[in-house]
Amino acid sequence: MSPTVEGSAHTTAPSAQVQAAYSYCEAVTGTQARNFAYGIRLLPADKRQAMSALYAFSRRVDDIGDGTLPPDAKLARLEETRALLGRVRSGAVDEDDTDPVAVALAHAARRFPIPLGGLDELIDGVLMDVRGETYATWDDLKTYCRCVAGAIGRLSLGVFGTTAGAGPRAEHASAYADTLGLALQLTNILRDVREDAGNGRTYLPAEDLAKFGCDPADFRTGRLPASADFAGLVHHEVRRARALFAEGYRLLPLLDRRSGACVAAMAGIYRRLLDRIEREPDAVLRGRVSLPTHEKAYVAARGLSGLDARTITRQSTRRRTR
């Protein structure tokens, strides 16, 4: 264990086969996850590679769930992917294996204390999608969000580690990472509400939809009856997401500078998306809301400066001294 960062590991340079596997995962990340890529580019090479391996495996799981295969075939593919994860966990993936994602993930798991069970949770969450589950309450939806996003936060923390200076607060890091994942996922759900409705999926809790008189069937067309308070629904969920961000951001002071910058950049992009959605709720019914490249670059620079981490540290200090 490093004297400066708990949870990190230092090994010799990866072999050529492993480097090639990481390069493949980084290419997948760069082309498929623009927001995620903005964050991890701030990390040192070993952590960036490990995060790319996690993303590439996660992307494979998501693509099965979002693909066009019939449900039975999706279920079979997801169980095959779970079996591959079992091989990674047991150390049965060789460096010359033909699956670059498995090779990279296996190496990353030897390099860092990654809780690979989080990827099992991700598969469980995607199984919920394939089975067409809906959610009556926020507590129900939280279970799903913890599988598909909270678990990713905890997996990422295995790569980041916590600073030695975090002290007793480090025991809360996993909960903060989980909560930040929930904040990101709820923002995703709001951003993609029309797209998801078009795919026959409803994530927002049924009790919230009923409270504001909204029918998900209307999200597909973007035309809601006058009786529907869609803006009220969005603002209700935005407030919930903001509370999750506020709690999850307490992770930042527990991380080293570059890991904190990575998290601040990724979370900052989504928080700004949330701001945009709050200002113009109907925009999500017209198409996917996104940030321009220059704004993402600004958020990344802000994260690298450590401004967000210092702000959270001051807020946390004030709370402890009251």
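Further up the page is the structure itself.
Sequence positions are assigned chain by chain, starting from 1 and proceeding in written order. The predicted origin of the model limits local features to residues at a pLDDT of at least 70 and limits the giving and counting of side-chain atom pairs to 80 or more, whereas totals for whole chains, interfaces and linings rest on all residues. Think of the side-chain values as coming from all heavy atoms in the structure, minus any hydrogens and water.

**Describing the overall build of the protein chain**
In step 1: Summing up its helical and strand segments, the protein chain has 16 helices and two strands in all.
In step 2: A total of 322 residues make up the protein chain; the buried ones form 52% of that total.
In step 3: Here the analysis covers contacts within the protein chain between residues at least 6 apart in sequence; of these, 74% occur between residues at least 24 apart.
In step 4: The accessible surface values rely on the Shrake-Rupley method and a 1.4 Å probe; as for residues, cover is taken only from the protein chains in view. Summing over all exposed atoms, the protein chain offers an accessible surface of approximately 14400 Å²; the carbon and sulfur share of this is 51%. The secondary structure listing takes helices from DSSP runs of H or I that are at least 4 residues long and strands from runs of E that are at least 2 residues long, numbered from the N terminus. Here the term buried applies to any residue with accessible area under 20% of the maximum for its type, exposed to any over 50%, and partly exposed to those in between, with areas from a 1.4 Å probe on protein chains only. Should any heavy atoms of two residues lie within 4.5 Å, those residues are considered in contact.

**Side note on the side chain of Arg111**
In step 1: Its place among the elements puts Arg111 in helix H5 (residues 100-111).
In step 2: Despite its burial, Arg111 pairs with no opposite charge; the closest candidate is Asp46, at 5.2 Å N-O.
In step 3: Two N or O atoms form a polar contact when they lie within 3.5 Å of each other; inside protein one atom must be a possible hydrogen donor and the other a possible acceptor, and for residues adjacent in sequence the pair counts only when both atoms belong to side chains. From its side chain, Arg111 meets the backbone oxygen of Asp46 in a polar contact 3.5 Å long. By the counting scheme adopted, Arg and Lys are positive, Glu and Asp are negative, and His together with the chain ends is not counted. For salt bridges, the criterion is a side-chain nitrogen of Lys or Arg within 4 Å of an Asp or Glu carboxyl oxygen.

**Regarding the packing of aromatic side chains**
In step 1: We call Phe, Tyr and Trp rings a pair once their centres come within 6.5 Å, taking the six-membered ring for Trp, and we label the pair stacked below 30 degrees between planes, edge-to-face above 60, and tilted otherwise. This structure, assessed with the given rule, holds five aromatic pairs.
In step 2: Ring plane angle 10 degrees and centroid distance 6.4 Å describe the contact between Tyr135 and Tyr203, whose orientation is recorded as stacked. On the criterion of sequence distance, the pair formed by Tyr135 in the loop between helix H6 (117-130) and helix H7 (138-160) and Tyr203 in the loop between helix H9 (193-198) and helix H10 (206-211) is long-range, its members being 68 residues apart.
In step 3: Exposure remark for Tyr135: the relative accessible area of 4% places this residue in the buried category.
In step 4: Judged by its relative accessible area of 8%, Tyr203 falls in the buried class.
In step 5: Within the aromatic cluster, the residues linked to one another by ring pairs are Tyr135, Tyr144 and Tyr203.
In step 6: Two thresholds decide whether a charge sits over a ring: the Lys NZ or Arg CZ must be within 6 Å of the ring centre and within 35 degrees of the ring normal. We note Arg271 situated over the ring of Tyr249; from NZ or CZ to the ring centre the distance is 4.6 Å.

**Quick look at the packing of helix H4 (residues 71-90) against H5**
In step 1: Axis angles are defined between N-to-C directions and span 0 to 180 degrees, where every axis is a line fitted to C-alpha atoms and, for a helix, only to the segment in contact. H5 packs onto H4 with a crossing angle of 40 degrees between their chain directions and a minimal axis gap of 9 Å. Taken as axis vectors, H4 and H5 run oblique relative to one another. Classified by chirality, the crossing of H5 by H4 is right-handed. Contacts between H4 and H5 involve Leu84, Leu85 and Val88 on the former and, on the latter, Ala102, Leu105 and Ala106.
In step 2: For this scheme, ten residues count as nonpolar: Ala, Val, Leu, Ile, Met, Phe, Trp, Tyr, Cys and Pro. Four count as charged, namely Asp, Glu, Lys and Arg, and the remainder, Gly too, count as polar. Looking at the contact of H4 with H5 residue by residue, the class counts come to six nonpolar, no polar and no charged. Comment on the angle field: the value is read as roughly parallel under 35 degrees, roughly antiparallel over 145, roughly perpendicular from 65 to 115, and oblique elsewhere. Working rule for handedness: look at the near helix, and if it is turned counterclockwise from the far one by less than a right angle, call the crossing left-handed; if clockwise, right-handed.

**A closer look at the nonpolar core**
In step 1: Residues Leu119, Phe219 and Phe230 are the most contacted members of the largest nonpolar core, which totals 101 residues.
In step 2: For this core, the element with the highest residue contribution is H7, accounting for 11 residues.
In step 3: Sequence-distant contacts of Leu119, that is, excluding residues within four places in its chain, are made with Leu54, Phe57, Ser58, Leu85, Leu105 and Leu155. Among the buried residues, those of types Ala, Val, Leu, Ile, Met, Phe, Trp, Tyr and Cys that are joined through side-chain atoms within 4.5 Å form a nonpolar core.

**What about the environment of Gly260?**
In step 1: Relative to the helices and strands, Gly260 resides in helix H13 (residues 257-279).
In step 2: Taking the C-alpha atoms as reference points, Gly260 and Leu42, separated by 218 residues in sequence, lie 9.4 Å from one another.
In step 3: Once residues lying within four places of it in the same chain are set aside, the contact partners of Gly260 are Leu252 and Leu255.

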